[in-house]
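Chain residues, written in single-letter form:
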Amino acid sequence: MNIKMPKWFYQLASPKWSYDIMGMLMPWFGLAALLLLVTGIVWGLMFAPPDYQQGNSYRIIYIHVPSAILAQSCFMLMAVAGIIGMVWKMKVAHIVAKSAAPIGASMTIIALSTGAIWGKPTWGAWWVWDARLTSMLILLFLYLGIIALYSAFSNKASGDQAASILTLVGVVNIPIIKYSVEWWNTLHQPASFTLTKKPAMPPEMWVPLLIMVLGYYCFFAYVLMARTRIELLEREHKSGWVTALLTDTP
Amino acid sequence: MNFLNAAIKRELLLALRNRSEIINPLAFFLLVITLFPLAVSPEAKVLANIAPGIIWVAALLATLLSMDSLFKNDYDDGSLEQIVVSPQSLALLALGKVISHWLSTGFLLALLSPVLAVMLFLPSEAMPALVGSLLIGTPTLSLIGAIGAALTVGLRKGGVLISLLVLPLYIPVLIFGAATVQAGALNLPISGHLALLGAMMVFTLLLAPFAIAAALKLSIRN
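Residues numbered from 1 in each chain as written. Chains lettered and ligands numbered in written order. Predicted model: local features only at pLDDT ≥ 70, side-chain atom pairs only at ≥ 80, totals over all residues. Heavy atoms only, no water.

Participant: Help me understand the interface of chain A and chain B, please; the structure alone is not making it clear to me.
Facilitator: Interface size is commonly expressed as the accessible area that is lost once the parts come together. Between chain A and chain B, the contact holds 19 residues from the first and 18 residues from the second. Put simply, chain A and chain B have zero salt bridges between them. Among the elements of the structure, helix H5 (131–152) and helix H6 (156–170) of chain A are those that each provide at least two residues to the side of chain A that touches chain B. Counting residues per element, the side of chain A that touches chain B draws most heavily on H5 of chain A, which supplies eight residues. (Contact = heavy atoms within 4.5 Å. Salt bridge = Lys/Arg side-chain N within 4 Å of Asp/Glu carboxyl O. Helix = DSSP H or I, 4+ residues; strand = E, 2+ residues; numbered from the N terminus.)

Following this line, the structure appears as structure tokens:
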């Protein structure tokens, strides 16, 4: 493959470089996540106007929608990282994908459980076998399968590749989730945000939601980098830079 | 093409020589179906309602059950390694294996299904939908299952893991497969459902062999 990639892309292949750069970026993402999440949650829960139909119960949207978005984004990230890891034989990419899997699974669980709590007052049932809900449940199973596959291999490099293959196969589920609310006539409402259309909500409602989504992304980046750094240290514990790092720190 | 033919022939011959591998999934299929009238209700009305779902779930589980051994023997006796290092295309071999696997499970399940449908009081109008959906849907199940089998062939505890990996991916096929039979039972048009099942089959037929080949290669290296 003769595609010329930018220099930082190749630098990512070095575990030490990635470890350092992530250590540098992490506090910024953590700070941004803290500010955005606190602003978004206070604004959304206390100052945003109540819905004319659902009253105050709609406010769970400020948790539900960002986690659902993250659950899908995380899977896409794992798929991209899997491709990079397989094409360019980049160990760090596989480690990122592996570190992302449990975060994505947790986001899916949060999205499903807040959806259930929201469904009770609005639909009158904790769970309906609706296309969007079912496809999110499948996403959760896919995450669990990928996590199980990582841990099934004693050789970590093989586990990485196996999980990447499974992730790429599972990616077909993402468009199904995305468009389930448009293809099928379902109980679940259509997407809250799209790039092309104005949201169906008034700005007082969607601005805090947007802040929450951004906050979730920053939080995700923060946790992902923290997990990746630990995994990097674990995998590279025999290499020189880790030894130097661990002996230098007082 | 010759290689594909040879691969299919070899697998079918192996299956014929070891008949229990063909009969076990079919017996399992029958047994699972038998459990439902005993557990739910032997009433014709109830059974006719749930028959499409039961038959599809049972066919899916029977396919899954037989998946585990797809690459196991070749992996254990080392012939898989020889095939991987040979100049022949691994994806083509994988395809051959899946085709012969389907001929010895999915195809036979589809042929057997009308008998079970009668036992479950499924209206006779639904028979073409049942056999058709199984004929078009089970190849997809075999192809997806083979990816899971190839990923787990080198692992000691692959049995439970393969169901965890493969079942979520089976769900779309199950939804449309069972929906076809339900539509057939209500005398509604089924061609749309069959077309969707067919599209899924073509899609997996194009991509799955490469995923299987990649998975086999890494299983050999492990």
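Participant: Would you take a moment to explain the packing of aromatic side chains for this structure?
Facilitator: By convention here, two paired aromatic rings are described through the distance between centres and the angle between planes. Residue and element names in this part refer to chain A. This structure, assessed with the given rule, holds five aromatic pairs over all chains. Ring centres 6.1 Å apart and planes at 65° place the aromatic pair Tyr-58 and Tyr-62 in the edge-to-face group. Note on Tyr-62: relative accessible area 1%, which makes it buried. Between Trp-127 and Trp-129, the ring centres sit 5.5 Å apart and the planes meet at 80°, which makes this aromatic pair edge-to-face. What makes Trp-129 exposed here is its relative accessible area of 66%. Residue placement shows Arg-229 over the ring face of Tyr-19; its charged tip is 4.1 Å from the ring centre. (Phe/Tyr/Trp six-rings, centres within 6.5 Å; stacked < 30°, edge-to-face > 60°. Buried < 20%, exposed > 50% of the residue type's maximum accessible area, 1.4 Å probe, protein only. Lys NZ or Arg CZ within 6 Å of the ring centre and 35° of its normal.)

Participant: Hey, could you run me through the side chain of His-94 of chain A in this one?
Facilitator: Residues and elements named next belong to chain A. Its location among the elements puts His-94 in helix H4 (residues 91–123). On the basis of relative accessible area, His-94 is assigned to the buried category, the value being 5%. Separated by 3.4 Å, the side chain of His-94 and the backbone oxygen of Gly-85 make a polar contact. For His-94, the contacting residues outside a window of four places in its chain are Gly-82, Gly-85, Met-86, Tyr-150, Asp-160, Gln-161 and Ser-164. (Polar contact = N/O pair within 3.5 Å; in protein donor to acceptor, adjacent residues only side chain to side chain.)

Participant: I'm lost on the state of the cysteines in this one. Help?
Facilitator: Such a bond, covalent and formed between the sulfur atoms of two cysteines, is termed a disulfide. All names here are of chain A. Tallied over the entire structure, the rule returns zero disulfides over all chains. Free cysteine: Cys-74, not disulfide-bonded; nearest cysteine sulfur from Cys-218 at 15 Å. Judged by relative accessible area, which is 1%, Cys-74 ranks as buried. Taking relative accessible area as the criterion, Cys-218 reaches 14% and is therefore assigned buried. (Disulfide = S-S within 2.5 Å.)

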